[in-house]
Amino acid sequence: MPAASRTASRALLVSPLVRPCRSKLTDRCNGPGAPFRPGFVDTKKLLVVLCALVGLACGAGSSAAREHPAVTSPTLVQPAPVRQPQAPQTSQATQAPPVSPVPQPSPAPQAPAKSSGSVELGETVVLKAGDTAEVASKDVSVRFARLVSDSRCAAGMVCVWEGEAVVELTLAEPRRGERTTVELASTGRGGRQSVEFAACRVDLVAVSSGGDQVTLRVSKVS
């Protein structure tokens, strides 16, 4: 609303409040050219004027709001954070029970080798040079006569081949008066490792490193 119009409206609203003087300045009125006296104001008209001024102020504010609308700033919407899937954690309480070791069968015990004297069929006997062993269930004797040769690689040496030892045995059947001499080799490359005599078989099992002791197995010929 223009300023001139607003001033005229206020003058129109305020003018009824002032009581005009009908006769003299001494009357209870506000005459022209006289100082304004607030005690000579109509109260009812004052309330009406105040209400009218409030209405004008509200109308002016609404018109200003229509001419200059408020600018609203755009609201930024932030995307929600994306959660990464987590691998399931295994509990330490759910662990596989320990596996107990499977017992291995123990090997069958072997009969110890007997020294010179008496030997049963299927057993082994250890003889030193010059010793004789008698077969208990047979009329047969076995004697370790001597070491013929020994080409085996010595301990701590590097050799092309392992070599072998050759021993001489004397087999006898006293009741029948029979006797024979044989040579047995430790590897069987340079000679035989076993001999058959009087329904018995004699195998050379081992020769000691010094060649002064042999291990023989005596068995029955099948």
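Refer to the structure above for everything that follows.
Residues numbered from 1 in each chain as written. Predicted model: local features only at pLDDT ≥ 70, side-chain atom pairs only at ≥ 80, totals over all residues. Heavy atoms only, no water.

A.B. asks: Help me understand the sheet that holds strand E7 (residues 194–197) in this model?
C.D. replies: The strands that make up a sheet pair up through hydrogen bonds in the backbone, lying either parallel or antiparallel. The strand order across the open sheet built from four strands is E2-E9-E8-E7, with neighbouring strands paired in antiparallel fashion. Both outer strands of the open sheet, strand E2 (123–128) and E7, are each paired with one neighbouring strand and no more. In this sheet, neighbouring strand axes are inclined to one another by 30° on average, regardless of whether the strands run parallel or antiparallel. As paired elements, E2 and strand E9 (residues 213–220) share six bridges and run antiparallel to each other. Each residue of the ladder has a partner; that of Thr124, found in E9, is Arg217. (Pairing = 2+ DSSP bridges. Helix = DSSP H or I, 4+ residues; strand = E, 2+ residues; numbered from the N terminus. Axes fitted to C-alpha atoms, helices over the stretch in contact; angles between N-to-C directions.)

A.B. asks: Honestly, the state of the cysteines in this entry has me stumped. Any pointers?
C.D. replies: Chemically, a disulfide is nothing more than a covalent bond linking the sulfur atoms of two cysteines. Under the counting rule described, the total for this entry stands at one disulfide. Residue Cys153 pairs covalently with Cys159 via a disulfide, S to S 2.0 Å. Disulfide Cys153 to Cys159: torsion about the S-S bond roughly 75°, handedness right-handed. On the accessibility criterion, Cys159 (40% relative accessible area) is partly exposed. (Disulfide = S-S within 2.5 Å. Buried < 20%, exposed > 50% of the residue type's maximum accessible area, 1.4 Å probe, protein only.)

A.B. asks: Explain the sheet that holds strand E4 (residues 140–150) here, please?
C.D. replies: If you walk across this open sheet you meet the five strands as E1-E3-E4-E5-E6, and the pairing is mixed. Looking along the sheet, the strands with just one partner apiece sit at the ends: strand E1 (118–119) and strand E6 (178–185).

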